Amino acid sequence: MKKKAKKNLRTDYQSVSFKQFVADYKESMFRDMARDGADMIPSFKETWDYIEENMEENDRFINVLIPFMFFYLNLILLEDNKEERKKHIWGIWYYLKLDEPLFKYRFKEESEKLVQYVDRLVLKMIKEEYPAFLKWLHYYK
């Protein structure tokens with residue numbers, strides 16, 4: 001009796017399917033964060049709201065946005081719980097996407113560094129999910 005050969009499920013991170021997976025995953029996460037993201041990271045949300053409220057009265061509050069984001073991101077990276085860490089990184093990514101035009105206008109250089117750093121972290125998390133997605137896709141096709 002012949003053994004059935006398994007299909008090679010090689011992970012190609014340069015493929016069109018991976019790029020589409022990344023785009024779909026980010027879109028899905030953005031929708032999820034828009035729906036209930038503020039409740040997922042309450043301590044960040046409180047400070048963010050405080051800064052936004054005071055920005056309306058005093059433009060100087062805008063100068064603390066990027067340092068606050070870097071501080072919170074570094075604080076998140078110290079988190080031992082992997083699921084909590086991932087949830088908070090997605091939260092930072094979401095808020096960066098929300099105010100990206102403001103950041104690019106006021107803090108082009110600083111915000112580019114932050115966005116690139118967060119995008120690398122997000123891509124790393126998505127890469128961890130991709131092999132499981134391929135297995136799921138192979139199983140259901």
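Now for a look at the structure at hand. Here the structure is a predicted model, which is why all the values come from computation and not from measurement. (Residues numbered from 1 in each chain as written. Predicted model: local features only at pLDDT ≥ 70, side-chain atom pairs only at ≥ 80, totals over all residues. Heavy atoms only, no water.)

Moving on: the side chain of Asn 54. Looking at where Asn 54 falls in the secondary structure, it is placed in helix α2 (residues 42–57). Note on Asn 54: relative accessible area 18%, which makes it buried. Among the polar contacts listed, one links the side chain of Asn 54 to the backbone oxygen of Tyr 50, at a separation of 2.8 Å. (Helix = DSSP H or I, 4+ residues; strand = E, 2+ residues; numbered from the N terminus. Buried < 20%, exposed > 50% of the residue type's maximum accessible area, 1.4 Å probe, protein only. Polar contact = N/O pair within 3.5 Å; in protein donor to acceptor, adjacent residues only side chain to side chain.)

Relative to the elements of secondary structure, His 88 occurs in helix α4 (residues 82–98). For His 88, the side chain forms a polar contact with the side chain of Tyr 72, separated by 3.4 Å.

Here the focus is the pattern of salt bridges. The full count for this structure, using the stated rule, is four salt bridges. With a shortest N-O distance of 3.5 Å, Arg 31 and Glu 27 are connected by a salt bridge. Note that Arg 31 and Glu 27 are positioned in helix α1 (residues 16–40) at a spacing of four residues, about one turn of the helix. Overall, Glu 27 belongs to the partly exposed group, its relative accessible area being 47%. One salt bridge in this structure joins Lys 82 and Glu 128, with 3.5 Å as the shortest N-O distance. A residue pair is termed long-range when its members are at least 10 positions apart, and Lys 82 in helix α4 and Glu 128 in helix α6 (residues 108–140) qualify at 46 residues. For Glu 128, a relative accessible area of 40% puts it in the partly exposed group. (Salt bridge = Lys/Arg side-chain N within 4 Å of Asp/Glu carboxyl O.)

The next thing to look at is the layout of surface pockets. Taken as a whole, the largest pocket spans an internal volume of roughly 150 Å³. Lining of the largest pocket is provided by Leu 77, Lys 82, Arg 85, Lys 86, Ile 89, Leu 121, Lys 124, Met 125 and Glu 128. For the lining of the largest pocket, the secondary structure elements donating two or more residues are α4 and α6. (1 Å grid on protein atoms, 1.4 Å probe; cavity = no way out; pocket = protein on both sides within 12 Å on 5 of 7 lines; lining within 4 Å. Points joined across faces, edges and corners; volume = space filled by probe spheres on them.)

We now examine the packing of helix α3 (residues 65–77) against α6. One can describe the packing of α3 onto α6 by two numbers: an axis separation of 10 Å at closest approach and a directional angle of 25°. Taken together, the axis directions place α3 and α6 in an arrangement best described as roughly parallel. In this structure, the crossing between α3 and α6 has a hand that is left-handed. Residues Ile 66, Met 69, Phe 70, Leu 73 and Leu 77 of α3 pack against Glu 110, Ser 111, Lys 113, Leu 114, Tyr 117, Val 118 and Leu 121 of α6. Tallied by class, residues from the contact of α3 with α6 come to nine nonpolar, one polar and two charged. (Axes fitted to C-alpha atoms, helices over the stretch in contact; angles between N-to-C directions. Parallel < 35°, antiparallel > 145°, perpendicular 65-115°, else oblique. Left-handed = near helix turned anticlockwise from the far one by under 90°. Contact = heavy atoms within 4.5 Å. Nonpolar A, V, L, I, M, F, W, Y, C, P; charged D, E, K, R; others polar.)

With that settled, the discussion passes to the environment of Phe 68. Along the chain, the position of Phe 68 falls in helix α3. Through-space distance from the C-alpha of Phe 68 to that of Trp 48 is 8.7 Å; in sequence the pair is 20 residues apart. Ignoring sequence-local partners within four residues, the contact set of Phe 68 consists of Phe 44, Thr 47, Trp 48 and Ile 51.

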